[in-house]
Each structure stands twice: as structure tokens, then as C-alpha cells.
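Fold and contact review
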Amino acid sequence: MVEVPGMPTPPKPDPGQGAHGSQPLYARWDDLQFFDQMIVAVVAADSAGLHNAADHLEHYLANNGDPVTLDPDRIMNDEPALKRHFDKVITEYIWSVVSSVGQVSAAATSASFQTSWYEYTFDDRDWYLAIGSVEAAASGVVRIDRVDASAYRIDLDYQCHLADRYNWDGDKTTEIAGFTWTDRELGALHTAGLAKEFDMSGSSTIKHYSGDLPAMSDLNLPPPSGTGTPR
């Protein structure tokens, strides 16, 4: 089959709380005290088994802004609902191809694709604290064969993609291992120049599916590669 397209261009992130280091120096005393609390919170979160949340918070406090690579396979193993989300996104896209070409001929129709980005919010507490909500998209190459007037078979190679920016820009209150803070408090470390927002993104392994295109349900695509172990 044709080579699977890569990740579509990620959506523009929300603006966060402001530019890095934009606070005046005289306003940073409380942020310095709060920074020390968050260093301890990283250790507490890791001890509580919230390894991904601890890793991302530690990276934020490292204040270098280096991008972090996400592993969608590992994350889908930890949160099966994310895999089902991708099943739905890909199923809907393939049906849109069927609808756009009308009666698919016996000679088959092939298409390369990159879906739109769709927001997904984590249920798993560790990944929710590490990412919160993430943008999810898929890309691939599909061949669609018409079996009869309403039935189709597909041959599909595809890849799942995640993208987000680690920032704190809302009004929520978060608790990890006895430490409680607001988004504004943690985001203020960025504007104080003590921590730095960073981009997160990554793509799954390329997977293959061959079989019927269900008419009344989503595809049950192959399971994610690897394991769900956090480290």
C-alpha cells in the first residue's frame, strides 16, 4: 500500500497565562515560595504512583521548555477508552469516504487520509494530571471494496497521533498526594520565569486492519503495541 501520511499539523495551543518571565520582579516572591512546594509535590506524586504526572510536572519546573514525546500506544494501554476514541474517529472517516464516492465500484477505492483533530479528556487520574485533555488525530491509507449494496470490506494501514501543550490556564483546583493548588498558581510559575510550558506530541506504531466495515458500530481496530507500564 501507499506510505501512511504522518501527523497532521497540530492545532494552535491556547495562550496559557502569558509570556514566559513576563511578571515584574517585585511580584515573584510568592511564586518562589510556591516553586519550593511544587518540588516536594513532584516527589510526593511519584511516591503515590502518579509517575506520568510527576514526570511532566518535573519537566515543567526544569524551566527549559524542551518538547516531550508522547507514546500513544503506551497511553492507550493505560486508558482503553482512548483506543476506542481512535476506533470511532477512523470509522467515521472511512464512512465519509464511502459516502463521498457513492457506490464504490468492485475495483475498489483507495484513499490516503489525515483526520481532523478531536479533543479527548482522560479518565485515568495519572494521565489526567499529566495532560488533562489532548488533541487526537489519525492518518492512514485505506482500500474500500464493495461487497454488495450496503456492505464493504476494508484494508487499512493507520497511525494514531496525540498533541497538546503543557500549560495551566484555567480555574481548576488540583490535588496530588496532599498538595493542592490552582491552575493560576502553577501557571504563574511560567510568567515568573521559574517554570516553562512545553509541547507534547507523538505517534503510535503503524497498524494494519483487514475486514468488514461495520454498519452499526465502530471498528474494533488492533490493540496498542507494548504494555501499559508507566516507565
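Source: prediction; values computed, not measured.

**A look at the pairing of strand E7 (residues 179–182)**
The pairing of strand E6 (residues 173–176) with E7 spans four bridges and is antiparallel. By the bridge assignment, isoleucine 176 is partnered in E7 with phenylalanine 179.

**Focus on the environment of histidine 59**
Along the chain, histidine 59 turns up in helix H2 (residues 51–62). A residue is classified by how much of its surface remains accessible, and histidine 59, at 18% relative accessible area, is buried. Each C-alpha atom of the pair histidine 59 and phenylalanine 198 lies 8.6 Å from the other, and the pair is 139 residues apart in sequence. Dropping the residues within four chain positions of it, histidine 59 is found in contact with Asn64, Asp66, Val68 and Phe198.

**A short note on the packing of H2 against helix H6 (residues 183–191)**
In the contact formed by H2 and H6, the axes pass within 10 Å of each other and the chain directions differ by 35°. Contacts from Leu57, Tyr60 and Leu61 in H2 reach Leu186, Gly187, Leu189 and His190 in H6.

**Points about helix H4 (residues 80–101)**
Look at H4: 32 Å from first C-alpha to last across 22 residues, which is about the 32 Å you get at 1.5 Å a residue. When we look at burial in H4, the residues that qualify are Ala81, Leu82, Lys83, His85, Phe86, Asp87, Val89, Ile90, Thr91, Ile94, Val97 and Val98. Residues of H4 that are buried in the fold lie against helix H3 (72–78), strand E3 (118–121), strand E4 (133–146) and strand E5 (152–166).

**Quick notes on the packing of aromatic side chains**
Taken as a whole and judged by the stated rule, the model has eight aromatic pairs. Here tyrosine 120 and phenylalanine 122 contribute two aromatic rings whose centre-to-centre distance is 5.4 Å and whose plane-to-plane angle is 85°, an arrangement assigned as edge-to-face. On the accessibility criterion, tyrosine 120 (9% relative accessible area) is buried. An angle of 75° between the planes, with centres 6.2 Å apart, marks the rings of tryptophan 168 and tryptophan 181 as edge-to-face. One end of the pair, tryptophan 168, is in the loop between E5 and E6; the other, tryptophan 181, is in strand E7, and 13 residues separate them in sequence. Three or more aromatic residues joined by ring pairs form one cluster here, namely Tyr60, Tyr166, Trp168, Trp181 and Phe198.

**Details of unusual backbone geometry**
Although it is not a glycine, asparagine 63 sits at a positive phi angle of roughly 70°. Within the secondary structure, asparagine 63 is located in the loop between H2 and strand E1 (68–69). Its relative accessible area of 27% is what places asparagine 63 among the partly exposed residues.

**Digging into the environment of alanine 192**
Along the chain, alanine 192 turns up in the loop between H6 and strand E8 (198–203). The buried category is assigned to alanine 192, whose relative accessible area is 1%. The sequence separation of alanine 192 and glycine 178 amounts to 14 residues, and the corresponding C-alpha distance is 24 Å. The residues touching alanine 192, leaving out its near neighbours within four places in the chain, are Gly21, Gln23, Arg28 and Asp31.

**A word on the nonpolar core**
One finds Tyr60, Leu156 and Leu189 to be the most contacted residues of the largest nonpolar core, which totals 57 residues. Apart from the residues within four sequence positions on either side, leucine 189 is in contact with Asp31, Phe34, Phe35, Met38, Tyr60, Leu61, Leu194 and Ala195.

**What to know about the pattern of salt bridges**
Evaluated as defined, the whole model comprises nine salt bridges. Through salt bridges with shared partners, one network takes in Arg165, Glu197 and Asp199.

**Here's the deal with H6**
Where burial is concerned, most of H6 is hidden: seven out of the nine residues are buried. Listing the buried residues of H6 in full gives Asp183, Leu186, Gly187, Ala188, Leu189, His190 and Thr191. Summarising the contacts, the buried residues of H6 are in contact with helix H1 (29–47), H2, E6 and E7. Glycine 193, located one to two residues past H6, shows a positive phi value of around 80°.

**What to know about the packing of H1 against H6**
The geometry of H1 relative to H6 is characterised by a closest axis approach of 10 Å and an angle of 110° between their N-to-C directions. Put simply, H1 runs roughly perpendicular to H6. Mapping the contact onto sequence places Asp31, Phe34, Phe35 and Met38 in H1 and Glu185, Leu186, Ala188 and Leu189 in H6. Per-class residue counts for the contact of H1 with H6 are six nonpolar, no polar and two charged.

Calculation notes
- Residues numbered from 1 in each chain as written.
- Predicted model: local features only at pLDDT ≥ 70, side-chain atom pairs only at ≥ 80, totals over all residues.
- Heavy atoms only, no water.
- Pairing = 2+ DSSP bridges.
- Helix = DSSP H or I, 4+ residues; strand = E, 2+ residues; numbered from the N terminus.
- Buried < 20%, exposed > 50% of the residue type's maximum accessible area, 1.4 Å probe, protein only.
- Contact = heavy atoms within 4.5 Å.
- Axes fitted to C-alpha atoms, helices over the stretch in contact; angles between N-to-C directions.
- Expected span 1.5 Å × (residues − 1).
- Phe/Tyr/Trp six-rings, centres within 6.5 Å; stacked < 30°, edge-to-face > 60°.
- Core = buried A, V, L, I, M, F, W, Y, C linked by side-chain atoms within 4.5 Å.
- Salt bridge = Lys/Arg side-chain N within 4 Å of Asp/Glu carboxyl O.
- Parallel < 35°, antiparallel > 145°, perpendicular 65-115°, else oblique.
- Nonpolar A, V, L, I, M, F, W, Y, C, P; charged D, E, K, R; others polar.

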